[in-house]
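Overview (structure and organization)
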Amino acid sequence: MNYHSIAIDGPSGAGKSTLARMLAQELGYLYVDTGAIYRTVGLCAFRKGVEPTDARAVTALLDGMEIDLRYEQDGVQHMYLDGEDVTREIRRHEISRYASDVSAIPAVRAFLLERQRELARRGDVIMDGRDIGTVVLPGADVKLFLTASAQDRARRRFAELQQRGQETDYETVLRDIRKRDENDTRRAAAPLRQAEDALLVDTTGNTLEESFQVLLQTIKERL
Ligand code: C5P
């Protein structure tokens, strides 16, 4: 049986994961947050004291790395690293940079590619990330490229971190977002770019509900 797949790509903080989760619930699809998988690899490097830009050392880590993704009763995607639930820990601010750095290493991307594709073979999915429409699921039924101004994205990310009780300031978050944009778009391996057949949606200034309605409408028209 062929399942449906929806690819949502875009830069950090554009609202991809919140919107993808809402859409998945509305459509009865499985939501796959691929950033969480890269974050788990980043966390592994962080814990082992490995520089995330050191391709050789990170690649060596992959051999013994046990990463698991489970959907628990709450319907939330939980990430496990060597048997431990790290779902919360991977959201820490410093892990964002680790995730961004390790994700530029081709061996890391190759290690995760088949796992992501396998999830799309099991049922209808909405998958969000940076290279879903271009590399992971080039045959996706609907491809969306979600973006917003760097300031808007930094404001949202800052509010999110504050809500989680993490101490940081807006300027730092904005600087980190810009740095990650640069990392993600300039890397040689599967850089962040809009697939030719993806629809661009700019959420700058939108409320969450407005963006949700735009995306839902777009998906329904295309499925
Ligand atoms: O989406 P999120 O911000 O949680 O992703 C963390 C990092 O993982 C991103 O900055 C990006 O570098 C990387 N990533 C990626 N490809 C994906 C998903 C995330 O390179 N499909």
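Per chain, the residues get numbers from 1 upward, laid out in the order the sequence is written. Only residues with pLDDT of at least 70 are given local features in this predicted model, and only at 80 or more are side-chain atom pairs given and counted; all residues enter the totals for whole chains, interfaces and linings. Hydrogens and waters are ignored; side-chain quantities use all the structure's heavy atoms.

Under the annotation held in an unreviewed UniProt entry, the protein carries the name Cytidylate kinase and is attributed to Lawsonibacter hominis. UniProt positions are given in the numbering used here, feature names are shortened, and annotations may be inferred rather than shown by experiment. The UniProt entry for the protein carries the following comment under Sequence similarities (unreviewed entry): "Belongs to the cytidylate kinase family. Type 1 subfamily." Recorded in UniProt under Subcellular location (unreviewed entry), the annotation for the protein is "Cytoplasm".

1. Here we look at the sheet that holds strand 6 (residues 125-129)
The strand order 2-6-1-7-8 describes an open sheet built from 5 strands, whose pairing is parallel. Each edge of the open sheet carries a strand with a single partner, namely strand 2 (30-33) and strand 8 (199-202). The average angle at which neighbouring strand axes cross in this sheet is 20°, direction not considered. Pairing between two strands is assigned when DSSP locates at least 2 bridges connecting them. Put simply, DSSP marks the helices as runs of H or I at least four residues long and the strands as runs of E at least two long, and each gets a number from the N terminus on. Here 4 bridges tie strand 1 (residues 5-9) to strand 7 (residues 142-147), and the two strands are oriented parallel to one another. In this description, a line fitted to the C-alpha atoms serves as the axis of each element, helices being fitted only across the stretch in contact, and the angle between N-to-C directions of two axes falls anywhere from 0 to 180 degrees.

2. Let's talk about the pattern of salt bridges
A side chain with one charge may pair with a side chain of the opposite charge, provided their charged atoms come close. Salt-bridge detection follows one rule: a side-chain nitrogen of Lys or Arg within 4 Å of a carboxyl oxygen of Asp or Glu. Under the counting rule described, the total for this entry stands at 20 salt bridges. Between E118 and R121 there is a salt bridge, with the nearest N and O atoms lying 3.1 Å from each other. Of the two residues, E118 and R121 both sit in helix 5 (residues 106-121), 3 residues apart, roughly one turn of that helix. Throughout this description, buried means an accessible area under 20% of the type-specific maximum (1.4 Å probe, protein chains only), exposed means over 50%, and partly exposed covers the range between. Here E118 falls in the partly exposed class, since its relative accessible area comes to 33%. The partly exposed category is assigned to R121, whose relative accessible area is 47%. We note a salt bridge from E160 to R164, for which the minimum N-O separation is 3.6 Å. Owing to a relative accessible area of 28%, E160 belongs among the partly exposed residues under this scheme. The exposure class assigned to R164 is partly exposed, which follows from its relative accessible area of 36%.

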